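Residue-level structure breakdown
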Amino acid sequence: MAHPSPDYDPQQLANQIKTWAAELGFQHAGISDVELGEHEKHLQAWLEKGFHGEMGYMQKHGSKRTRPPELVAGTVRVISVRMNYFPPDIADCEQVLADPGKGYISRYALGRDYHKVMRKRLQKLADAISQRIGKFGYRSFVDSAPVMEKALAQKAGLGWIGKHSNLLSRDAGSWFFLGEIYTDLPLPADTPVIENHCGDCTACLDCCPTQAIVAPYQVDARRCISYLTIELRGSIPVAFREAMGNRIYGCDDCQLCCPWNRFGQITAEKDFQARHPLDAPDLLELFAWDEAQFLKQTEGSAIRRIGYACWQRNLAVALGNAPPSAAIRQALRDRREHSSEMVREHIEWALDKQGG
Ligand code: B12
Ligand code: SF4
Ligand code: SF4
């Protein structure tokens, strides 16, 4: 990594970085050092319990995840940013969840893929820094590499890690993404959020449909609907299918029931505006899409990453959970023969639930 040009005032540069970040549409930017202390032990314990399931990438990189300089040599500071994603003018979440004819898609996935949106902005932030001080060492990330995003953001003062394990803040709740720039600039670090404002609340543990939050701050991903619908490539264990209800891509329940999300902020970001009718789609209409339609309708969206087979799999489970109807049974039968073995098994399960 190149060494930073010495002719700048680190405090002044840190202030400027925060101003530029705000101008680029980030609602909060903060700076931390690279010592992740206890977080490394918690990650290790989580992996040892097998909570990562089939997400092999969570254990593949050893200590690179918890020791930033091992991932990018020379890193001494991390700039963490947050971007709100909850879109305005969308169907009421509880109403969609309560309507078995509709599918529920996580609110983060209703607009354009956040990875692309945020990575471009982080690049602009890095460009602004190099225009000011000259060449410097950095790498930016958005959920794209072995990075402890929540722990770093907590250290940088963006919020605390709640019992559901997401980062949240008093003024913004938790409906936001995180991204970061690893850098060799010796910037002044911000004050971490030490205080945890969860208090005695256990709402997220109580409302989780699959009891995936097995203890405060510990999510067994293998039980989490977000994992089952997005990360898992194979068969969804039968034990969780009923509890999934009509959640067809991700799950927001632990955030919907969190009291701090009463103060959650709506995004003004054009890219995160919801593509209707994905906020309250009709299950049978989605199930009727062929692969070409799926690819077209999800262009530029994070949903596309799971592929058509997993999409059909998730829809079959939701249809199985809907009240018995002749139209649903017909749609399931029509698809049965044209589906892969993995999807067919879910269709059979759904048909069984539908009474034939
Ligand atoms: C793997 C992963 C998942 C997995 C596992 C979730 C998890 N909790 O780890 C699955 C697929 C289930 C998932 C789901 C979701 N994810 Co996710 N996910 C990640 C990813 C890639 C890594 C997270 C990680 O490091 N896990 C490892 C474990 C050990 O960490 P942890 O559970 O957070 O545990 C920490 C603390 O709770 C604490 N801890 C752990 N055990 C203990 C025990 C005790 C006693 C104590 C005191 C503390 C403690 O220390 C740990 C380390 O800091 C990050 C991106 C990234 N690179 O960081 C996104 C990320 C965390 N996900 C994100 C989102 C939005 C989601 C969903 C909301 C999506 C959705 N709507 O479906 C759900 C939320 C589910 C939930 N309750 O966590 C956002 C969260 C933004 C935010 N505000 O925090 C991130 C940061 C992506 C991003 N760039 O924005 N995710
Ligand atoms: S995302 Fe859903 S399934 Fe996963 S921990 Fe939260 S409430 Fe439970
Ligand atoms: S629901 Fe309650 S316990 Fe869970 S994160 Fe929110 S405040 Fe904390």
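Residues numbered from 1 in each chain as written. Chains lettered and ligands numbered in written order. Predicted model: local features only at pLDDT ≥ 70, side-chain atom pairs only at ≥ 80, totals over all residues. Heavy atoms only, no water.

1. A few points about the pattern of salt bridges
Spelled out, the test is: We define a salt bridge as a contact between a side-chain nitrogen of Lys or Arg and a carboxyl oxygen of Asp or Glu at a distance within 4 Å. Numbering goes from the N terminus for both helices and strands, where a helix is a DSSP run of H or I of at least four residues and a strand is a run of E of at least two. Exposure is judged per residue with a 1.4 Å probe applied to protein chains only, and the accessible area is read against the type maximum: over 50% gives exposed, under 20% gives buried, and values in between give partly exposed.
Under the defined criterion, the tally for this structure stands at 13 salt bridges. Taking the shortest distance from any N to any O, the salt bridge between Asp 33 and Lys 155 comes out at 2.5 Å. Within this pair, whereas Asp 33 is found in the loop between β1 (28–32) and α2 (38–48), its partner Lys 155 is found in helix α7 (residues 149–155), the two being separated by 122 residues in sequence. For Asp 33, a relative accessible area of 26% corresponds to the partly exposed category. On the basis of relative accessibility, which here comes to 16%, the residue Lys 155 falls in the buried class. In this structure, Arg 336 engages Glu 348 in a salt bridge whose closest nitrogen and oxygen atoms are separated by 3.5 Å. On the criterion of sequence distance, the pair formed by Arg 336 in helix α15 (residues 326–336) and Glu 348 in helix α16 (residues 341–353) is long-range, its members being 12 residues apart.

2. A few points about a positive patch on the surface
This is how it is decided: Two joining distances apply to patches: 9 Å for like charges and 5 Å for nonpolar side chains (Val, Leu, Ile, Met, Phe, Trp, Tyr), and every residue must have over 30% relative accessible area and no salt bridge. Per-residue and other accessible areas were derived by the Shrake-Rupley procedure at a 1.4 Å probe size, with only the shown protein chains allowed to occlude residues. Only four residue types enter the tally: Lys and Arg on the positive side, Asp and Glu on the negative side; His and the chain ends are excluded. Taken as the charge location is NZ of Lys, CZ of Arg, CG of Asp or CD of Glu.
Taken together, the side chains of Lys 116, Lys 120, Lys 124 and Arg 304 define a basic patch exposed on the protein surface. Checked against the element boundaries, Lys 120 lands in helix α6 (residues 114–133).

3. Some remarks on the domain arrangement of the chain
We count it as follows: What marks off one domain from the next here is an automatic or database domain assignment. Note on terms: buried area is the combined drop in 1.4 Å-probe accessible area of two parts once they are placed together, counting the loss on both. Think of a polar contact as two N or O atoms within 3.5 Å of one another; within protein, one of them needs to be a possible hydrogen donor and the other a possible acceptor, and neighboring residues in sequence only count if both atoms come from side chains. Each residue receives one of three labels: charged for Asp, Glu, Lys and Arg, nonpolar for Ala, Val, Leu, Ile, Met, Phe, Trp, Tyr, Cys and Pro, and polar for the others, Gly being one of them.
With domains assigned, the chain is organised as domain 1 (10–88 + 112–183) and domain 2 (203–353). Placing a centre on the C-alpha atoms of domain 1 and another on those of domain 2 gives a separation of 27 Å. Across the domain 1/domain 2 interface, buried area totals approximately 3300 Å², and carbon plus sulfur atoms make up 56% of it. Scanning the region where domain 1 abuts domain 2 turns up two salt bridges. Asp 113 is paired through a salt bridge with Arg 305; the nearest N and O atoms lie 3.1 Å apart. Linking domain 1 with domain 2 are 19 residue pairs in polar contact (both at pLDDT 80 or more), by the criterion used here. Looking at the side of domain 1 that touches domain 2, the elements with two or more residues in it are β2 (77–84), α6 and β5 (160–161). At five residues, α6 tops the list of elements feeding residues into the side of domain 1 that touches domain 2. Within the side of domain 1 that touches domain 2, the residues separate by chemical class into 17 nonpolar, 13 polar and 10 charged.

4. Focus on the site of ligand 3
Note the following rule: It suffices for a single heavy atom of a residue to lie within 4 Å of a molecule or strand for the residue to be listed as near it.
In the vicinity of ligand 3, the contacting residues are Gly 162, Lys 163, His 164, Cys 198, Cys 201, Ala 203, Cys 204, Cys 258, Pro 259 and Trp 260. A domain-level breakdown of the shell around ligand 3 finds at least three residues from each of domain 1 (10–88 + 112–183) and domain 2 (203–353).

5. Topic: α6
Short version of the rule: One less than the number of residues in a helix, times 1.5 Å, gives the span that helix is expected to have. When we speak of the arc, we mean the arc of directions from the helix axis to the C-beta atoms. Contact criterion: two residues are considered in contact whenever any of their non-hydrogen atoms come within 4.5 Å of each other.
In a regular helix each residue adds 1.5 Å, so 20 residues correspond to 28 Å; α6 covers 29 Å between its end C-alpha atoms and thus fits that length. Those residues of α6 that fall on the buried side of the exposure criterion are Tyr 114, His 115, Val 117, Met 118, Arg 121, Leu 122, Leu 125, Ala 126, Ala 128, Ile 129 and Ile 133. The arc that holds every buried residue of α6, seen down its axis, measures 165°, which confines them to one face. Exposed and facing more than 90 degrees away from the buried side of α6 are Lys 120 and Gln 131. Those residues of α6 that are buried lie in contact with α1 (10–23), β2, β4 (138–141) and β7 (176–183). Backbone geometry just after α6 places Gly 134 at a positive phi near 95°.

6. So, the packing of aromatic side chains
To describe a pair of aromatic rings, one takes the distance between the centres and the angle between the planes. Selection criterion: Only Phe, Tyr and Trp rings are paired, with Trp represented by its six-membered ring, and only when their centres lie within 6.5 Å; those with planes under 30 degrees apart are stacked, over 60 edge-to-face, the remainder tilted. Our definition puts a charge over a ring when NZ of Lys or CZ of Arg is within 6 Å of the ring centre and also within 35 degrees of the ring normal.
Summed over the entire model, instances satisfying the criterion amount to 15 aromatic pairs. Seen from their ring centres, Phe 294 and Tyr 308 are 5.9 Å apart, and the 50° between their planes marks the pair as tilted. Here Phe 294 is found in helix α13 (residues 291–297), whereas its partner Tyr 308 is found in helix α14 (residues 307–321), with 14 residues between them in sequence. Residue classification places Phe 294 among the buried positions, given a relative accessible area of 0%. Tyr 308 gets classed as buried once you look at its relative accessible area, which sits at 14%. An aromatic cluster of at least three residues, connected via ring pairs, comprises Tyr 85, Phe 86, Tyr 108, Tyr 114, Trp 175, Phe 177, Tyr 249 and Phe 272. Its guanidinium or amino end placed over the ring of Phe 176, Arg 82 lies 5.3 Å from that ring's centre, counting from NZ or CZ.

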